[in-house]
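A look at the structure
Spelled out, the chains give:
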There are 2 protein chains.
Amino acid sequence: MKIGELARLLGVSTDTLRYYEQHNLLSPSARSESGYRLYDQTQLKQMQFILRAKEVGFSLKETSELLQIKVDKNQHSCEEVKGITLQKLELVRARIAELQCFEKSLSKLAKRCCGGQESADFCSILTALEDVDGTHK
Amino acid sequence: MKIGELARLLGVSTDTLRYYEQHNLLSPSARSESGYRLYDQTQLKQMQFILRAKEVGFSLKETSELLQIKVDKNQHSCEEVKGITLQKLELVRARIAELQCFEKSLSKLAKRCCGGQESADFCSILTALEDVDGTHK
DNA sequence: ATAAACCTTAGAGTTAACACCAAGGTCAAG
DNA sequence: CTTGACCTTGGTGTTAACTCTAAGGTTTAT
Ligand SMILES: [Zn+2]
Ligand SMILES: [Zn+2]
Ligand SMILES: [Zn+2]
Ligand SMILES: [Zn+2]
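Fair warning: this is a prediction, and the values are worked out from it, not measured in the lab. (Residues numbered from 1 in each chain as written. Chains lettered and ligands numbered in written order. Predicted model: local features only at pLDDT ≥ 70, side-chain atom pairs only at ≥ 80, totals over all residues. Heavy atoms only, no water.)

What to know about the overall build of chain A
Along the backbone of chain A there are six helices and two strands. Starting at the N terminus, the α and β elements of chain A follow one another as α-α-β-β-α-α-α-α. Rg of the C-alpha trace for chain A: 24 Å, well past the compact-globule value of 14 Å for 137 residues, more than 25% over. Dimensions of chain A along its principal axes, counting C-alpha atoms only, are 70 × 40 × 20 Å. Residue burial in chain A is summarised as follows: out of 137 residues, 39% are buried. (Helix = DSSP H or I, 4+ residues; strand = E, 2+ residues; numbered from the N terminus. Rg over C-alpha atoms; globule rule 2.2 N^0.38 Å. Buried < 20%, exposed > 50% of the residue type's maximum accessible area, 1.4 Å probe, protein only.)

Some thoughts on the relation of the copies chain B and chain A
Expressed as a screw transformation, the operator carrying chain B onto chain A has a rotation angle of 180° and an axial translation of 0.0 Å, and the superposed copies differ by an RMSD of 0.2 Å. Within this description, the copies of the chain are treated as partners about a two-fold rotation axis. The C-alpha atom lying nearest the rotation axis in chain B is that of I96 of chain B; the distance is 2.9 Å. Both copies present the same face, since 100% of the interface residues in chain B are matched by interface residues at the equivalent positions in chain A. (Least-squares fit on C-alpha atoms with pLDDT ≥ 70 in both. Contact = heavy atoms within 4.5 Å.)

Observations regarding the protein's contact with DNA strand C
Neighbouring DNA strand C are 18 residues, the closest being G4 and R37 of chain A together with S13, Y19 and Y20 of chain B. Here, DNA strand C places atoms within 4 Å of the protein, and 71% of those atoms are sugar or phosphate. At 3.5 Å from a base nitrogen of DNA strand C is found a side-chain nitrogen or oxygen belonging to D15 of chain B. Take S34 of chain B: an N or O atom from its side chain is 3.1 Å from a phosphate oxygen of DNA strand C. Every element with two or more residues in the surface near DNA strand C is listed here: α1 (3–10) of chain A together with α2 (14–22) of chain B. Considering each element in turn, the surface near DNA strand C owes the most residues, four residues, to α2 of chain B. Taken together, the residues that form the surface near DNA strand C break down as six nonpolar, six polar and six charged. (Near = heavy atom within 4 Å. Polar contact = N/O pair within 3.5 Å; in protein donor to acceptor, adjacent residues only side chain to side chain. Nonpolar A, V, L, I, M, F, W, Y, C, P; charged D, E, K, R; others polar.)

Digging into the protein's contact with DNA strand D
In the region of DNA strand D, 18 residues are neighbours, and Y19, Y20 and Y36 of chain A together with G4 and R37 of chain B sit closest. Restricting attention to atoms of DNA strand D within 4 Å of the protein, one finds that 69% of them are sugar or phosphate atoms. Take Y36 of chain A: an N or O atom from its side chain is 2.8 Å from a base nitrogen of DNA strand D. L60 of chain A places a main-chain nitrogen or oxygen 3.4 Å from a phosphate oxygen of DNA strand D.

With respect to the coordination of the zinc ion (ligand 4)
Listed as protein donors to the zinc ion (ligand 4) are C78 of chain A (SG), C113 of chain B (SG) and C123 of chain B (SG); their distances from the metal cover 2.2 to 2.3 Å. Here the zinc ion (ligand 4) and the zinc ion (ligand 3) are spaced 3.6 Å apart, and both take C78 of chain A as a donor. You can see C113 of chain B sitting in the loop between α5 (78–112) and α6 (124–130) and its partner C123 of chain B sitting in the loop between α5 and α6, a full 10 residues away along the chain. Under the relative-accessibility criterion, C123 of chain B is labelled buried at 0%. (Donors = N, O, S within 2.8 Å, 3.2 Å for Na, K, Ca; no water.)

Things to note about the coordination of the zinc ion (ligand 3)
Protein ligation of the zinc ion (ligand 3) involves C78 of chain A (SG), C114 of chain B (SG) and E118 of chain B (OE), the donor distances falling in the range 2.1 to 2.5 Å. Judged by its relative accessible area of 4%, C78 of chain A is buried.

Remarks on the packing of helix α1 (residues 3–10) of chain B against helix α3 (residues 41–55) of chain B
Residue and element names in this part refer to chain B. Two numbers describe how α1 lies on α3: the axes approach to 11 Å, and their chain directions differ by 45°. Classified by the angle their axes make, α1 and α3 are oblique. Where α1 crosses over α3, the handedness of that crossing is right-handed. Taking contact as the criterion, the partners of L6, L9 and L10 in α1 are, on α3, L44, M47, Q48 and L51. (Axes fitted to C-alpha atoms, helices over the stretch in contact; angles between N-to-C directions. Parallel < 35°, antiparallel > 145°, perpendicular 65-115°, else oblique. Left-handed = near helix turned anticlockwise from the far one by under 90°.)

Looking at the side chain of T63 of chain B
Mapped onto the elements of the fold, T63 of chain B is located in helix α4 (residues 60–71). Each residue touching T63 of chain B, except ones within four places of it in the same chain, is listed here: L25, I50, A53 and F58 of chain B.

Overview of the interface of chain B and chain A
Between chain B and chain A, the residue contacts involve 54 residues of the former and 54 residues of the latter. Counting each side, the surface lost to burial between chain B and chain A is near 5000 Å², with a carbon and sulfur contribution of 70%. Among the residues chain B hides against chain A, the three largest losses belong to C78, L106 and L129 of chain B. Together they make up 14% of the total. The tally of links between chain B and chain A comes to four salt bridges. Among the ionic pairs, E130 of chain A bridges to K73 of chain B, the shortest N-O distance being 3.0 Å. The tally of links between chain B and chain A comes to 24 residue pairs in polar contact (both at pLDDT 80 or more). Elements with a minimum of two residues in the side of chain B that touches chain A: α3, α4, α5 and α6 of chain B. (Buried area = accessible area lost by both parts, 1.4 Å probe. Salt bridge = Lys/Arg side-chain N within 4 Å of Asp/Glu carboxyl O.)

Focus on the packing of α4 of chain B against α5 of chain B
Residue and element names in this part refer to chain B. Where α4 contacts α5, the two axes come as close as 10 Å, and the packing angle between them is 170°. One element, α4, and the other, α5, form an angle in the roughly antiparallel class. Counting all contacts with α4, which are made through E62, E65, L66 and I69, the residues of α5 involved are E80, V81, I84 and K88. Partitioning the contact of α4 with α5 into residue classes produces four nonpolar, no polar and four charged.

Next up, the structure:
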């Protein structure tokens, strides 16, 4: 299988596949005489692993770690794998909390502004941001 | 006030102030003979506005838009201001939803892995990512 | 035999919000 | 008069995950 075929099969770009190769996520199984990358079922499976890891939120770096473990599983423990997962989970939760804080502030601001066509001279959003005490009132 | 003083007052770096100037968020009120940036109360207030906007989640670009409106409020409407706010709110909510999806998947994965010291040969996290049908069972 | 479709490498561009650095000018204190 | 603290410009580096370009070689179909 050449790079274009694999890309079409997976719904990614050939650039992406070359990028993953550069970043040690996926190497072709061989090269043709003319230097074209060649892939087979093993690579297809591996890309599916990568894409699934991406779906659940792992970064490419984290996915790469998981792949390292996957290639010789018996040299690694469940502890490691779960560690990576929990660490990511922490990060995701922290980011959610931060965004929820934004969400709260923004919806509070939006609720108080009439949103009408009249001039913004007394817009409560602007005044809330101007006031030193922008959180209350 | 020179740039260092203003920076100390606000708890930001002088680099940040110069960066904001480059990006049209805050210009000094004047320059000294020797070319030093000079700021006064107006700039202090404006920086506080910027920092508050940042606190509620606005990007610098969005903050810049808000500042444009603020400088001549009567040429703009509440509608515009609320529009920016609601648009941001949408974005934040979308991002939260995406992260919550990750959170769900990750916690499901973590829950099923024993996390023990034994080899990862049968780690349910890895097998879940390997299986085409990684979401169920 | 030639055009279309495919492939190669190497490198630059994108976005956000700065941090850091070099080389040099300025200003107050001792 | 010389440190040391401060300031200037202009530039590069950071992170993530690609995307795009240039300049060229290969394959396949007509
Ligand atoms: Zn209004
Ligand atoms: Zn309003
Ligand atoms: Zn286990
Ligand atoms: Zn496990």
